[in-house]
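Architecture and fold: a report
Now for the letters of each chain:
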Amino acid sequence: MKIRLGTRSTPLARVQAQNLKDRLLARWKEIEVEIVEAESIGDRDQTTPLTELSRGRGDLWADELRDLLLGGRIDAAVHSLKDVDLQGPHELVLAAFPEREDARDAWVAREARPPRTAGTCSLRRSLQLERIFPGVVCSPIRGSVGRRIEQVQAGAFDGTVLALAGLRRAGFEARASRIFPLEDMVPCAGQGSLVAECRRDDGPTREILAGIDAPRVREASEAEREIHRRLGIGLDAAFAVHLAPRGDSWRLLARDFRPSARLCGALLDLDDADLGRLVALALERLGPGSRRAPGRKRILVTRCPEDFAATRDLCASLNLIALPFPLLRRERLSLPEIPRGDWAIFTSPASVALWPEAFPPGERIACVGPATEEAANGRSWKTHFIPSRATAEDLAREWPGKPGETAVLPVSRGGGEPLLSDLSRRGVRVQRVDLYDTISTAPDEDALKHFREGFEAVLFASPSAVEAWNERMGRAALGRATLLSIGPSTTAACRKAGFPDPIEGPSGLLPQLLRLFADPHEPHA
């Protein structure tokens, strides 16, 4: 029997596929194994930050291989388990967990001195590095294991963190300057583990893969992932968990850096002979913390005053308390003339509300997001196009107009530049209209009273609001609050300001974002 084994096309992935192939051939003398390579979106795009690249997509590292599996072009795929999302297609199954490599992280440095800069895309690693090397500044790094090491040697960073398993498999273990103890740098779920995936209904392949399955590795790996599921957090969250066998017992290590964590940043170290009991105890200890008596969660809303009422009503419907904390005000600008075009593009309810004429500046209307569409409906305007997600990037990507058409884009002063550029590249002649100014304002005494009384979250609706908080209040004033971000540009502004990683609602929509915060354990469309 011949098994077609799919793998990513990176050097490390090819080594891992060969490792699995050797295991299969050692177990089954009568089979033949062919390795089939595929390039993932995460490998093709080495410049876009992973947080942006993953938006609106499935699994950056596994989707191409899964497409090959579902199409019958390969029989099995080999993945690094830490790169496989928690919920794959129902038609596929993780059929084999071979013996696990060392799960520890390693430090690869240019010089033997405390680093000032470190390259890593992992928030989990960044936060733990800051404990090990106080004052270190972490920045994103992309590329293969060898490429990351080259960047360090070239002076782009003082060092980088890499999985020891990857260093060993790729032949770079000698480059490790330091191997972090598990207690200092807790790994992510699944680190060090490979997994073989196949079609659920492919009995012969499942039987062959079962021959290299290591039950204790499977138990630990699935338990680590189950903790993520039960806590309602993705594998890329600021969270680390590792289960290791200790004789007949199990040891569980975890660190949770989420603002709502009961043991925020502290090391959770548990030991028990019963794996199920150990996981249950970990979930109990890692559940959300609280700084006040149980009750309704309080959210500081940094939006302009005219936007507060709608947010307040949404919060009340979800048993949340919205507290006005305006850091911005809008000032309408006078227009020397009223432009017209084939299209009018509105990117926010504010741009709709502040348009001075009873009629929009275009024959057809495009709106970013349902809230903007609802505002247009409120003025009796018919919306002709709304993108699948509430982002300007998706509006440009899905633009239905024809090259050469004209569009009027009413925005805040100086805004809309990325959308203007994206549409211009598609042949749309865009006229940006500076419709209003967004001006930073100091919080008044009522707002400061809400701040002093305590809050569980801060809602940011725009990059301007993030910048205003940074200017008026500072990063430290956030404390351990959860940050809620409307849209990818606001999330990017939070990260640029050095704020904790925010929760971003599906498609950047406020109702879904508030529901996600109100009950993170419930699934939301």
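This section reports on the structure supplied with the text. Residue numbers run consecutively from 1 along every chain, following the written order of its sequence. Owing to the predicted nature of the model, reporting of local features is limited to residues with pLDDT of at least 70; listing and counting of side-chain atom pairs is limited to 80 or more, with chain, interface and lining totals taken over all residues. Computation of side-chain values: all heavy atoms of the structure, hydrogens and water removed.

What follows deals with the pairing of strand E12 (residues 249–256). Relative accessibility decides the category of a residue: with a 1.4 Å probe and only protein chains considered, values under 20% of the type maximum give buried, values over 50% give exposed, and everything between is partly exposed. Note on conventions: DSSP H or I runs of at least 4 residues are helices, E runs of at least 2 residues are strands, and numbering of each starts at the N terminus. Of all eight residues in E12, eight are buried, a share of seventy percent or more. Side-chain alternation along E12 places Ser249, Arg251, Leu253 and Arg255 on one buried face and Trp250, Leu252, Ala254 and Asp256 on a second face that is also buried. We call two strands paired when DSSP finds no fewer than two bridges between them. Where strand E11 (residues 239–246) and E12 come together, eight bridges link them in antiparallel fashion. Looking at E12, one finds that alanine 240 is bridged to arginine 255. Taken together, E11 and the strand that follows it, E12, pair antiparallel across an intervening segment of two residues, in which glycine 247 is found at a positive phi of about 65°. Where E12 and strand E13 (residues 268–272) come together, five bridges link them in antiparallel fashion. Note on E13: the bridge partner recorded for arginine 251 is aspartate 271.

Attention now moves to the packing of helix H9 (residues 215–231) against helix H10 (residues 275–286). As a packed pair, H9 and H10 sit with axes 11 Å apart at the nearest point and diverge in direction by 30°. When the axes of H9 and H10 are compared, the pair comes out roughly parallel. Crossing hand, H9 versus H10: right-handed. Only Leu275, Val279, Ala282, Leu283 and Leu286 of H10 make contact with H9, whose side of the interface consists of Glu219, Ala220, Ala223, Ile227, Arg230 and Leu231. Its residues assigned to classes, the contact of H9 with H10 shows nine nonpolar, no polar and two charged. Here an axis means a line fitted to C-alpha atoms, over the contact stretch when the element is a helix, while the angle between two N-to-C directions is reported on a 0 to 180 degree scale. Angle categories are assigned with fixed cut-offs, so that under 35 degrees is roughly parallel, over 145 is roughly antiparallel, 65 to 115 is roughly perpendicular, and the rest are oblique. Should the near helix be turned anticlockwise from the far one by less than a right angle, the crossing is termed left-handed; should it be turned clockwise, right-handed. Any two residues whose heavy atoms approach within 4.5 Å at even a single point are treated as in contact. Under the scheme applied, nonpolar residues are Ala, Val, Leu, Ile, Met, Phe, Trp, Tyr, Cys and Pro; charged residues are Asp, Glu, Lys and Arg; polar residues are all the others, including Gly.

The strand order across the open sheet built from five strands is E15-E14-E21-E22-E23, with neighbouring strands paired in parallel fashion. With one partner strand each, in any of the chains shown, strand E15 (321–324) and strand E23 (503–504) form the two edges of the open sheet. When strand E14 (residues 298–301) meets E15, the two strands line up parallel, connected through four bridges. Residue leucine 300 lies in a different strand from E15, and its bridge partner there is leucine 323. Along the sheet, helix H11 (residues 305–317) contacts E14, E15 and strand E21 (457–460); its crossing angle with E15, the most-contacted strand, is approximately 160°.

Bringing the environment of phenylalanine 499 into the picture now. You can see phenylalanine 499 is positioned in the loop between helix H18 (488–496) and E23. If we ignore the near neighbours within four places in the chain, the residues touching phenylalanine 499 are Phe460, Val466, Trp469, Asn470, Arg475, Leu478, Leu483 and Cys494.

Salt-bridge detection follows one rule: a side-chain nitrogen of Lys or Arg within 4 Å of a carboxyl oxygen of Asp or Glu. Counted by the stated rule, this structure contains 42 salt bridges. For arginine 199, the salt bridge is made with aspartate 202, and the minimal N-O distance between the two is 3.6 Å. Overall, arginine 199 belongs to the buried group, its relative accessible area being 18%. Measuring nitrogen to oxygen at the nearest pair gives 2.6 Å for the salt bridge that ties arginine 246 to aspartate 271. Placement of the pair is arginine 246 in strand E11 and aspartate 271 in strand E13, with a sequence separation of 25 residues. For arginine 246, a relative accessible area of 43% gives the class partly exposed. Each member of the salt-bridge network shares a partner with another, and the members are Glu101, Asp102, Arg104, Arg168 and Glu173.

Below, the discussion takes up H9. The terminal C-alpha atoms of H9, which comprises 17 residues, lie 24 Å apart, in line with the 24 Å expected from a rise of 1.5 Å per residue. Considered for burial, the residues of H9 that qualify are Val217, Arg218, Ala220, Ser221, Ala223, Glu224, Arg225, Ile227, His228 and Leu231. Tucked into the core, H9 has its buried residues touching strand E4 (92–96), E11, E12 and H10. Among the residues trailing H9, glycine 232 stands out with phi positive, at a value near 70°. A helix is expected to span 1.5 Å for every residue after the first.

A few words now on unusual backbone geometry. Residue asparagine 319 is not a glycine yet carries a positive backbone phi of 60°. Position of asparagine 319 relative to the elements: it lies in the loop between H11 and E15. On the basis of relative accessible area, asparagine 319 is assigned to the partly exposed category, the value being 48%. Positive phi, close to 65°, is recorded for serine 380, a residue that is not glycine. Within the element layout of this structure, serine 380 appears in the loop between helix H13 (370–378) and helix H14 (392–397).

Once that is clear, we can look at the environment of leucine 320. When you line up the elements, leucine 320 lands in the loop between H11 and E15. Each C-alpha atom of the pair leucine 320 and arginine 515 lies 9.6 Å from the other, and the pair is 195 residues apart in sequence. Setting aside chain neighbours within four positions, we find leucine 320 in contact with Arg296, Lys297, Ile299, Cys315, Leu514, Phe517 and Ala518.

This part covers the packing of aromatic side chains. Paired rings are identified among Phe, Tyr and Trp, the last through its six-membered ring, by centres lying within 6.5 Å, and are further divided according to the angle between planes into stacked (under 30 degrees), edge-to-face (over 60) and tilted (the rest). Tallied over the entire structure, the rule returns ten aromatic pairs. A centroid spacing of 6.3 Å and a plane angle of 35° characterise the contact between phenylalanine 325 and phenylalanine 451, whose relative ring orientation is tilted. Of this pair, phenylalanine 325 sits in the loop between E15 and strand E16 (328–332) while phenylalanine 451 sits in helix H16 (residues 445–453), placing them 126 residues apart in sequence. Using a relative accessible area of 22% as the deciding quantity, one classes phenylalanine 451 as partly exposed. The interplanar angle of 90° and the centroid separation of 6.2 Å between the aromatic rings of phenylalanine 385 and tryptophan 399 together place this pair among those described as edge-to-face.

The alternating pattern of strand E22 (residues 482–485) places Thr482 and Leu484 on one face and Leu483 and Ser485 on the opposite face, and all of these are buried. Sheet topology note: the E21/E22 ladder contains four bridges and is parallel. What sits directly across from phenylalanine 460, in E22, is serine 485. Whether a crossover is right-handed depends on one test, that the path from the first strand over the helix to the second runs clockwise when the strands point away from the viewer. Remark: the E21/helix H17 (residues 463–472)/E22 crossover connection has right-handed handedness. When E22 meets E23, the two strands line up parallel, connected through two bridges. Across the sheet, leucine 484 pairs through a bridge with isoleucine 503, a residue of E23. Handedness of the crossover is the feature at issue here: the chain leaves E22, passes through H18, returns alongside E23, and the resulting connection is right-handed.

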